[in-house]
Amino acid sequence: MTILTWAMSDNAPIDPELPDAVKAWNDRYVSPKMIVTSTKQFFDDFETSYKNVIPSYRGDYTEYWTDGVSSGAKETALSRTTSDRIKQAEALWAIKGKPAFPVDKFNDVWKNLLLYNEHTWGAFNSVSAPEDPKVISQWNMKKGYVLHAKGLTDTLTSQVLSSAAVKINAVDVYNTLSWPRTDVVYVSAALSKAGDMVKDASGKTVPSQRLSTGELVFVAADVPAFGKKTYEVAAGKGSGKGLSKFVSGSLTNGIYTVDVDNKSGDITKITKTANGRSLTVVDTIGFNKYTYMPGDSLAKIQSSGAASISIKENGPVVSSLLVKSAAPGTNGLTREIRLINGIDRVEIINTIDKKAIRRKESVHFSFPFKVPGAQVRYSIPWGSITAESDQLPNANHNWYTMQRWVDVSNANFGVTWSSPDAPLFEIGKITTGGLLGSLRLSPLWTSYTPQSSQIYSWVMNNLWHTNFKADQDGVATFHYYLQAHDSGYDSFKANQIGLNNHQPLIAGAASTDADKLFFKVDGFNIYVESIKPADDGNGVIVQLVNAGADNSRVNMSPQGVSALKLWESNLTEDKKTQLNSNFVLPGKGIMTLRVEQ
């Protein structure tokens with residue numbers, strides 16, 4: 001049995017002559033017999049005929065077409081962050097129990113995000129004729145999907161945070177994840193006009209700081225899972241002592257110490273001190289190094305020029321260095337290295353003011369960690385992959401795509417690294433040199449990637465010869481977060497770190513409402529991937545993931561209500577099977593629940 005596409009090309013319409021052609025063939029030839037079919041019918045028939053002999057494979061078929069996402073790096077970053085924000089807006093609607101969930105508007109956001117992320121970025125002649133009006137029009141339409149999604153997400157977030165009963169000079173800090181969190185909060189200038197002083201619910205002053213952006217920042221402690229804490233914003237200066245500061249030319253927050261080369265602006269050393277142990281996870285020249293590859297030639301790689309380094313934020317909550325450089329392919333490069341008082345995380349914010357260049361090019365940032373004998377693992381939707389061992393035969397080994405995080409670990413320690421903006425990365429070395437066009441049989445397509453603790457973030461390229469953008473210009477920003485751990489790889493903790501980085505705490509005008517979800521979710525290695533009100537207004541839809549390899553018991557307990565009603569559900573939110581409040585989720589399993597009071 002062989003399935004054949006009659007159109008023989010992408011995006012072709014249905015051929016009205018197909019039935020007649022198939023009939024004419026079958027009338028003339030005995031074999032092979034042709035059948036007009038659907039993909040589903042073909043595979044149903046194939047399975048019926050050969051189910052006992054079809055071999056089974058298990059693993060990840062790492063994709064090849066993903067390189068194109070960085071041909072529109074700014075829009076791709078916006079798409080990724082918007083998908084995180086709309087999930088947070090859905091969660092807020094469930095947490096607040098707000099009526100009249102606008103199903104159609106949320107569906108419109110998801111539809112536009114899907115249309116942006118569909119595999120083809122541009123017209124067939126986007127590279128050969130980039131000034132063609134049809135090429136320009138098609139890209140404007142493509143880009144328009146994510147701009148529309150972002151604008152509507154902003155509106156929906158403002159709508160869910162609004163309240164008829166508002167507390168004056170106070171903010172609510174919301175946690176949209178399934179565990180309590182202590183993390184940084186950024187309050188807009190509009191929400192913090194009263195002053196720079198912050199007090200918790202007991203009246204205790206919390207260390208705070210007015211940033212150069214105009215935002216007020218502080219660390220919110222123990223914000224409950226799917227809940228909120230309220231803080232007062234008062235007249236007066238930001239107060240409190242913090243550990244985030246500059247010491248002898250190094251940036252420190254009491255946990256991490258970061259050293260920067262004063263000539264290049266690259267990071268040279270990162271040390272974490274915690275639990276009586278000191279871990280040096282970076283100790284080399286060239287960490288967070290800008291790399292520009294003209295054409296696709298590794299021999300011609302260039303880097304940024306001499307750096308100008310200044311203090312951007314000066315504590316006590318946030319301390320950061322700003323590194324400015326000239327850089328090939330750009331009108332300028334800035335790299336901010338940021339530490340938060342008492343928070344176990346290093347933040348890096350790289351901003352490129354890109355020149356429009358239609359010659360072939362690639363842009364990378366280099367992250368050589370010091371983790372001997374490292375194994376690389378990374379997140380995919382609803383799961384994770386161990387590079388090499390979890391990949392299917394003939395999968396892509398040249399580059400990889402992370403959903404939320406990459407973990408580089410040996411048996412004793414490691415680092416979890418993530419970027420909400422830039423999904424593509426390479427392991428050990430830049431493997432994309434020499435891969436212009438479709439070199440199907442090129443030896444440059446690797447079949448095995450030796451494990452390494454050096455990661456390259458592949459943020460921009462225009463290497464493909466069709467469908468993707470010929471150039472990109474303007475300002476694009478890429479955020480990176482890293483957290484060292486003093487033990488081996490832990491799948492739940494890696495997912496926890498990734499979700500914390502992708503779904504920050506949210507500040508809104510304080511309301512008098514309780515804003516507390518009517519149930520709790522508990523379970524070893526269990527996390528909530530998404531939570532939203534049911535489309536019909538009855539209850540909440542929860543998607544659970546077991547990050548561990550072993551079965552785990554989930555406990556759903558009521559909060560503020562007498563009892564819960566639970567069903568296993570699906571994407572159409574049906575009540576499939578009724579469940580007890582305590583049930584088992586298989587290792588690496590996912591389950592959609594419908595929860596009602």
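Values in this document were obtained by computation on a predicted structure and should not be read as measured data.

Conventions we followed
- Residues numbered from 1 in each chain as written.
- Predicted model: local features only at pLDDT ≥ 70, side-chain atom pairs only at ≥ 80, totals over all residues.
- Heavy atoms only, no water.
- Helix = DSSP H or I, 4+ residues; strand = E, 2+ residues; numbered from the N terminus.
- Buried < 20%, exposed > 50% of the residue type's maximum accessible area, 1.4 Å probe, protein only.
- Contact = heavy atoms within 4.5 Å.
- Core = buried A, V, L, I, M, F, W, Y, C linked by side-chain atoms within 4.5 Å.
- Patch = residues over 30% accessible without salt bridge, like charges linked within 9 Å, V, L, I, M, F, W, Y side chains within 5 Å.
- Areas by Shrake-Rupley, 256 points an atom, 1.4 Å probe, with all protein chains shown as cover.
- Salt bridge = Lys/Arg side-chain N within 4 Å of Asp/Glu carboxyl O.
- Pairing = 2+ DSSP bridges.
- 1 Å grid on protein atoms, 1.4 Å probe; cavity = no way out; pocket = protein on both sides within 12 Å on 5 of 7 lines; lining within 4 Å.
- Points joined across faces, edges and corners; volume = space filled by probe spheres on them.
- Nonpolar A, V, L, I, M, F, W, Y, C, P; charged D, E, K, R; others polar.
- Phe/Tyr/Trp six-rings, centres within 6.5 Å; stacked < 30°, edge-to-face > 60°.
- Lys NZ or Arg CZ within 6 Å of the ring centre and 35° of its normal.

Inspection of the secondary structure puts Asn467 in the loop between strand E26 (454–461) and strand E27 (474–485). Classification of Asn467 as buried rests on a relative accessible area of 12%. For Asn467, the contacting residues outside a window of four places in its chain are Trp65, Thr120, Trp121, Gly122, Ala123, Phe124 and Ser126.

So, on to the nonpolar core. Counting residues in hydrophobic clusters, the biggest one holds 53 residues, and the most contacted among them are Ile270, Trp417, Phe425 and Phe478. Take this core: its biggest share by element is five residues, from E27. Discounting residues that sit within four places of it in the chain, Ile270 has contacts with Tyr256, Thr257, Val258, Leu279, Thr280, Val281, Val282, Phe287, Val346 and Leu482. Ranked by size, the runner-up nonpolar core spans 28 residues in total, among them Phe106, Leu152, Trp458 and Leu463.

This part is about a nonpolar patch on the surface. A contiguous nonpolar patch, built from Met1, Tyr50, Val53 and Ile54 and spanning about 370 Å² of accessible area, is present on the exposed surface. By relative accessible area, which is 34% here, Ile54 ends up partly exposed.

In this section: the sheet that holds strand E25 (residues 424–427). With antiparallel pairing, six strands are arranged side by side in an open sheet as E14-E13-E19-E26-E25-E22. The sheet is open, and its two borders are formed by strand E14 (302–303) and strand E22 (400–401), each paired with just one other strand. Of the pairings in the sheet, the one linking strand E13 (residues 289–294) to strand E19 (residues 361–368) comprises six bridges and is antiparallel in character. Paired with Lys289 across the strands is Ser366, a residue of E19.

What follows deals with empty space enclosed by the protein. This model, assessed by the stated rule, comprises two cavities of 30 Å³ or more. The space that makes up the largest cavity amounts to roughly 70 Å³. Lining the largest cavity, in full, are Lys87, Glu90, Ala91, Thr176, Leu177, Phe226, Gln503, Val528, Glu529, Ser530 and Ile531. For the lining of the largest cavity, the secondary structure elements donating two or more residues are helix H3 (73–96) and strand E30 (526–533). In terms of residues, the lining of the largest cavity owes the most to one element, E30, which gives four residues. Its residues placed into classes, the lining of the largest cavity shows five nonpolar, three polar and three charged. Around the second largest cavity sit Val69, Ser70, Ala73, Thr76, Asp421, Ala422, Pro423, Leu424, Trp458, Val459 and Phe478, which together line it. For the lining of the second largest cavity, the secondary-structure elements that each account for two or more residues are H3 and E26. Residues that form the lining of the second largest cavity fall into these classes: eight nonpolar, two polar and one charged.

Looking now at the packing of aromatic side chains. Enumeration over the complete set of coordinates arrives at 29 aromatic pairs. Look at Trp25 and Tyr29: their rings are 4.4 Å apart centre to centre, the planes differ by 45°, and that puts the pair in the tilted class. Relative to Phe106, the ring of Trp93 lies with its centre 5.8 Å away and its plane at 90°, an arrangement referred to as edge-to-face. Pair noted here: Trp93 is in helix H3 and Phe106 is in helix H4 (residues 103–117), with a separation of 13 residues, a long-range link. For the pair Trp93 and Phe106, a shared accessibility class is recorded, and that class is buried. Among the aromatic side chains, those forming a connected cluster through ring pairs are Phe287, Tyr290, Phe365, Phe367, Phe369, Trp417 and Tyr480. Here the guanidinium or amino end of Lys142 rests over the ring plane of Tyr116, the centre of that ring lying 5.9 Å away. Above the plane of the ring of Trp567 lies Lys575, whose end atom (NZ or CZ) is 4.3 Å from the centre.

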